[in-house]
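So you can see what is in the structure, the chains are spelled out below.
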Amino acid sequence: MNAKETARLAMYVVTADLETTADPAIIAGMPKFSTHLTEFKLAIADIDVAARQQQDYPRLTAADKTAAREALLNSMLNAELIVKAFAADNNKPGIAQGVIAADSTLRKLNDKEFSLEAENIVKLITEWENDLAPYGIGKNEILELSAATDLFKALMSTPRLNVVAKADATKKVKEGFRRADEALLHMDNLVKTRRKSQPDFHNDYWQRRIIVNLPSQPLALRGTVVNAAGVPLKGVKMTIDGHTQKARTTAKGTFRVKSLADGVYVLRFMLPGYEELLHTVAITNGNRNFATIQLREQ
């Protein structure tokens, strides 16, 4: 993806995260908003998978087939073990019939047999997606396993090519953006109807819809934390999942973290007496000023 597409995808992720912080009653009160939001999130997942394929394919060489097979094996084994567990828990032995679910046996398969086993498990978990979700297999896991299968098959059939189906991955990225923009247009129109009745929700949504694409400068994350009455909260601990950076809010409820690479971050806010809150924010090519964070008392 180019820089503009990367910035747009970051905006998508932040917008989709609205579901985790907004009042469910507001979302439920907008006809088909949840339907469009679901399609929006699926399109984001498809873009992410295709973009990683697009980025990886130019670097593929014959030596990568071993690594691709190992990565696919781990994903397959996890999926097959989950299928076995689901079948046993729900007295559906027919579902797991023929599923190997054994590391040593999978390793003994030749490339053609291994590829066929991967295709079969992708079909199986896709068919039973809704039932397998509580066991840890959802849309993203299916997309990742499917992409890993396609990658291994490409390397298996053309192991000496440095570029493998990059054009196809690019088409998938473009299609993902088309689907996301279509869903986003429906969401935009529905949110506009809440301008007067739900101004905080309306403003938060449009804050998330900003595409950050500023000239290069030191990247930073900043914001304000308040309570339900809008009073700034002092001493709120803010951590970033998967990162060592952390901060505490000042007497004015503000916080700031410097020197972050561009990307999407999951922030975790904690203060005794208040519910812990997760918030996703994107930073790309500059500072991102996101909506004020509101904590709810326990």
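Structure: see above.
The notes below deal with the structure included here. (Residues numbered from 1 in each chain as written. Predicted model: local features only at pLDDT ≥ 70, side-chain atom pairs only at ≥ 80, totals over all residues. Heavy atoms only, no water.)

Concerning unusual backbone geometry
Selection rule: Segments assigned H or I by DSSP are reported as helices when at least four residues long, segments assigned E as strands when at least two residues long, and all are numbered from the N terminus. Three labels apply to residues, based on accessible area from a 1.4 Å probe with only protein chains included: buried if under 20% of the type maximum, exposed if over 50%, partly exposed otherwise in between.
Positive phi is not limited to glycine here, since Lys32 has a value of about 65°. Position of Lys32 relative to the elements: it lies in the loop between helix 3 (24–28) and helix 4 (33–56). In this model, Asn91 sits at a positive phi of 55°, which is unusual for a non-glycine residue. Looking at the element boundaries, Asn91 is found in the loop between helix 5 (64–89) and helix 6 (103–108). Owing to a relative accessible area of 68%, Asn91 belongs among the exposed residues under this scheme.

A word on the pattern of salt bridges
What counts, and what does not: One side-chain nitrogen of Lys or Arg within 4 Å of one carboxyl oxygen of Asp or Glu is enough to make a salt bridge.
If you walk through the whole model with that rule in mind, you get 15 salt bridges. A salt bridge links Arg268 to Glu276, with the nearest nitrogen and oxygen atoms 2.5 Å apart. A relative accessible area of 23% means that Arg268 is categorised as partly exposed.

A word on the packing of aromatic side chains
Stated formally: Whether two aromatic rings pair depends on their centres lying within 6.5 Å, for rings of Phe, Tyr and Trp, where Trp uses its six-membered ring; planes under 30 degrees apart make the pair stacked, over 60 edge-to-face, and the rest tilted.
If you walk through the whole model with that rule in mind, you get 7 aromatic pairs. A ring pair is formed by Tyr12 and Phe177, whose centres lie 5.6 Å apart and whose planes are at 50°; its orientation type is tilted. Taken together, the residues Tyr12 in helix 1 (residues 3–16) and Phe177 in helix 10 (residues 166–192) connect sequence positions 165 residues apart. The exposure class of Phe177 is buried, given its relative accessible area of 7%.

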